[in-house]
Amino acid sequence: MIRGRPFLQIPGPTNVPDTVLRAMDRPVIDHRSPEFAALTRELLPGLRRVFGTHEGAVILYPASGTGAWEAALTNVLAPGDRVLAFNYGHFAAGFAQTARDLGYRVDEVPLRWGQALTGAVVAEHLARPVTPPYRALLVVHNETSTGVTSNIAEVRAALDAVGSDALLLVDAVSSLGSLPFQFDAWRVDVALTASQKGLMLPPGLGIVCASPRALAVAERGGSPRHFFDWRPIVRDNAAGFFPYTPATLLLFGLREALRLLDEEGLEHVYARHQRLADGVRAAVRAWGLGLLPEDPATCSNTVSAVVLPPALDSDALIARARERFGLALGVGLGRLKGRVVRLGHLGALNELEVLAMLAGVELALRECGLALPLGRGVAAAQEVFLQPAVQVATAR
């Protein structure tokens with residue numbers, strides 16, 4: 001048996017802070033009580049701040065990110081609607097498949113896994129005449145399987161440039177609360193996330209943010225739906241309640257998680273993730289290994305997909321790290337199985353925890369036969385962390 005703290009370094013679920021755990025360690029209360037109504041009314045403004053919206057409505061579901069996909073799609077799309085999607089990773093492909101399974105017409109454009117979605121690619125495909133026209137564009141902001149972050153502002157500019165009125169639906173599961181997200185400024189129509197990543201909670205909450213435009217579309221249309229219909233949720237939330245039995249204890253944890261984000265300041269949260277990611281990338285370079293993203297500028301600040309030599313199966317490395325050191329690393333998904341190991345560096349995390357993860361990865365690499373001097377990657381990350389942290393001015 002391995003003693004000591006287990007290291008959960010997958011790209012989600014992430015480590016849950018002790019204060020969040022303690023906030024959930026309480027008796028279940030009546031979800032129709034005044035106390036619960038006050039909790040609900042406190043949570044929604046905090047979530048709007050994280051999404052970067054003043055006008056958007058935040059809708060909570062006791063579900064996963066996959067449930068949030070379904071909610072985003074069924075509320076604004078009608079059966080037979082045509083949508084444009086791009087396959088540039090496991091979750092981008094999954095978002096498209098969900099739309100296909102729900103009966104929408106999906107034009108799925110294959111891209112390379114490791115490639116970011118660019119405005120030029122979006123504009124090229126939106127400009128092609130199709131009948132019926134595209135009703136929505138599906139985008140994954142931070143592709144967890146490849147460690148690539150795409151530029152949503154650029155995607156919005158492409159929609160505007162070709163005069164498309166397609167709804168912009170964005171998966172922000174592994175970015176929200178860790179990377180900057182500007183729902184209003186980017187004019188996103190529907191964004192979605194889940195509780196177990198940057199929000200530092202256990203799995204169990206699917207969260208959607210809908211623009212006034214999306215709310216209006218859902219009010220007059222959408223698909224047959226019941227549980228995921230956000231209209232009764234928005235109506236009941238005005239009084240602090242839900243039309244279903246909510247995940248009450250998770251909501252108490254969410255209140256504490258939002259307090260922690262507010263206490264640190266979102267700009268400082270984003271700067272911390274940048275700093276930690278810079279340290280991880282320095283370590284990977286020192287190991288003589290590469291990252292999957294084709295353009296270094298698109299490397300994610302929440303997860304690094306490290307490409308291993310052909311002779312080293314990433315599943316074997318991950319098993320060794322888990323069995324020998326109690327270190328959980330992310331597997332390669334889909335076509336990347338066995339090729340990459342994904343190092344998660346998001347959520348409640350600091351420099352010392354990242355250094356411990358990197359030390360464990362070095363040990364596992366050596367035990368799996370990769371000849372590298374121990375400490376090289378850790379030292380490279382330490383050099384990054386010795387540099388003064390960027391001072392962020394946050395308006396209060």
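Shown above is the structure to which this text applies.
Residues numbered from 1 in each chain as written. Predicted model: local features only at pLDDT ≥ 70, side-chain atom pairs only at ≥ 80, totals over all residues. Heavy atoms only, no water.

**Concerning the nonpolar core**
Defined as follows: Among buried residues, those of type Ala, Val, Leu, Ile, Met, Phe, Trp, Tyr and Cys that are joined through side-chain atoms within 4.5 Å constitute a nonpolar core. When a residue's accessible area, from a 1.4 Å probe over protein chains only, is under 20% of the maximum for its type it is buried; when over 50% it is exposed; and in between it is partly exposed. Secondary structure elements follow DSSP: runs of H or I of four or more residues count as helices, runs of E of two or more count as strands, with numbering from the N terminus. The criterion used for residue contact is that any of the two residues' heavy atoms lie within 4.5 Å.
Counting residues in hydrophobic clusters, the biggest one holds 92 residues, and the most contacted among them are Phe86, Phe181, Trp230 and Leu254. At eight residues, the largest contribution of residues to this core is made by helix H9 (residues 248–264). If sequence neighbours within four positions are ignored, Phe181 has contacts with Val50, Phe51, Gly52, His141, Val170, Ala172, Ser175, Leu176, Trp186, Val188, Ala191 and Tyr270. Counting residues in each nonpolar core, the second largest holds 29 residues, with Val280, Leu289, Leu327 and Val354 among its members.

**Thoughts on the sheet that holds strand S14 (residues 340–344)**
For clarity, the threshold we go by: Strand pairing requires that DSSP identify at least two bridges connecting the strands.
With antiparallel pairing, three strands are arranged side by side in an open sheet as S11-S12-S14. Edge positions in the open sheet fall to strand S11 (290–291) and S14, since each of these has one partner strand only. Sheet topology note: the S11/strand S12 (residues 303–307) ladder contains two bridges and is antiparallel. Directly across from Leu291, in S12, lies its bridge partner Val306.

**As for the packing of aromatic side chains**
As a reminder, the rule being used: Here is the rule: rings of Phe, Tyr and Trp (six-membered ring for Trp) pair when centre to centre is within 6.5 Å. Planes less than 30 degrees apart are stacked, more than 60 are edge-to-face, and the remainder are tilted.
Counted by the stated rule, this structure contains nine aromatic pairs. Relative to Phe227, the ring of Tyr61 lies with its centre 6.3 Å away and its plane at 50°, an arrangement referred to as tilted. Placement of the pair is Tyr61 in strand S2 (residues 57–61) and Phe227 in the loop between helix H7 (212–220) and helix H8 (230–237), with a sequence separation of 166 residues. A residue is classified by how much of its surface remains accessible, and Tyr61, at 1% relative accessible area, is buried. Their ring planes at 40° and their centres at 5.3 Å tell us that Phe242 and Tyr244 sit as a pair that is tilted. On the basis of relative accessibility, which here comes to 2%, the residue Phe242 falls in the buried class.

**Focus: the side chain of Ser314**
For clarity, the cut-off: N or O atoms within 3.5 Å of each other form a polar contact, as long as, within protein, one can give a hydrogen and the other can take it, and as long as residues adjacent in sequence are counted only when both atoms are side-chain atoms.
Relative to the helices and strands, Ser314 resides in helix H11 (residues 314–325). Take Ser314: its relative accessible area is 0%, and that puts it in the buried class. Polar side-chain contacts of Ser314 include one of 2.9 Å to the backbone oxygen of Val340.

**Concerning the packing of helix H3 (residues 65–76) against helix H4 (residues 90–101)**
Put simply, the rule is: A fitted line through C-alpha atoms serves as each axis, taken over the contacting stretch for helices, and the angle formed by two N-to-C directions is quoted from 0 to 180°. An angle below 35 degrees is read as roughly parallel, one above 145 as roughly antiparallel, one from 65 to 115 as roughly perpendicular, and any other as oblique. Note: crossing handedness is left-handed where the near helix turns anticlockwise from the far helix by less than a right angle, and right-handed where it turns clockwise. Residue polarity is assigned by list, with Asp, Glu, Lys and Arg as charged and Ala, Val, Leu, Ile, Met, Phe, Trp, Tyr, Cys and Pro as nonpolar; anything else, Gly included, falls into the polar class.
The N-to-C vectors of H3 and H4 enclose an angle of 45°; their axes lie 10 Å apart at closest approach. Here H3 lies oblique to H4, going by the angle between them. As H3 packs across H4, the resulting crossing turns out to be right-handed. Across from Trp69, Glu70 and Leu73 in H3, the residues of H4 making contact are Phe91, Gly94, Phe95, Thr98 and Ala99. Partitioning the contact of H3 with H4 into residue classes produces five nonpolar, two polar and one charged.

**With respect to the side chain of His125**
Here His125 is to be found in helix H5 (residues 119–126). The class for His125 is buried, based on a relative accessible area of 13%. Beyond its immediate stretch of four places on either side in the chain, His125 contacts Leu84, Phe86, Val109 and Tyr134.

**Some remarks on the sheet that holds S2**
Overall, mixed pairing links the seven strands, which are arranged S2-S10-S9-S8-S5-S3-S4 in an open sheet. In the strand order of this sheet, the two ends are held by S2 and strand S4 (105–110), each with one partner. Each neighbouring strand pair of the sheet contributes to a mean axis angle of 20°, computed without reference to strand direction. In this structure, strand S3 (residues 82–87) lies alongside S4, joined through six bridges in parallel fashion. For Asn87, the partnering residue across the bridge sits in S4 and is Pro110. Sheet contacts for H4: S3, S4, strand S5 (134–140), strand S8 (167–171) and strand S9 (190–194); angle to S5, the most-contacted strand, approximately 150°.

**Describing the environment of Pro203**
For Pro203, the position within the fold is in the loop between S9 and strand S10 (206–210). Residues Pro203 and Thr118, 85 residues apart in the sequence, show an inter-C-alpha distance of 31 Å. When sequence neighbours within four positions are dropped, the list of residues in contact with Pro203 reads Pro13, Ser195, Gln196 and Leu250.

**As for the environment of Trp186**
Among the secondary structure elements, Trp186 is positioned in the loop between S8 and S9. It is 24 Å that separates the C-alpha atoms of Trp186 and His90, two residues lying 96 residues apart in sequence.

**Structural notes on the pattern of salt bridges**
For clarity, the threshold we go by: Counted as salt bridges are all cases of a side-chain nitrogen of Lys or Arg within 4 Å of a carboxyl oxygen of Asp or Glu.
Tallied over the full model, the rule gives 21 salt bridges. In this structure, Glu108 and Arg100 form a salt bridge, with 2.5 Å as the shortest nitrogen-oxygen distance. You can call Glu108 partly exposed: its relative accessible area is 27%. Under the relative-accessibility criterion, Arg100 is labelled partly exposed at 32%. Between Glu256 and Arg259 there is a salt bridge; the shortest N-O distance is 2.8 Å. Pair noted here: Glu256 and Arg259 are both in helix H9, with a separation of three residues, about one helical turn. For Glu256, a relative accessible area of 13% gives the class buried. Through salt bridges that share partners, Arg156, Asp160, Arg187, Asp189 and Arg213 make up one connected network.

**Focus on unusual backbone geometry**
In this model, Gly12 is joined to Pro13 through a cis peptide bond whose omega is 0°. Tracing the sequence through the fold places Pro13 in the loop between strand S1 (7–9) and helix H1 (18–24). Of note, the bond from Thr131 into Pro132 is cis; its omega dihedral lies within 30 degrees of zero at -5°. In this fold, Pro132 is placed in the loop between H5 and S5. Here Arg187, not a glycine, exhibits a phi torsion of approximately 50°, which is positive. Relative to the assigned elements, Arg187 resides in the loop between S8 and S9.

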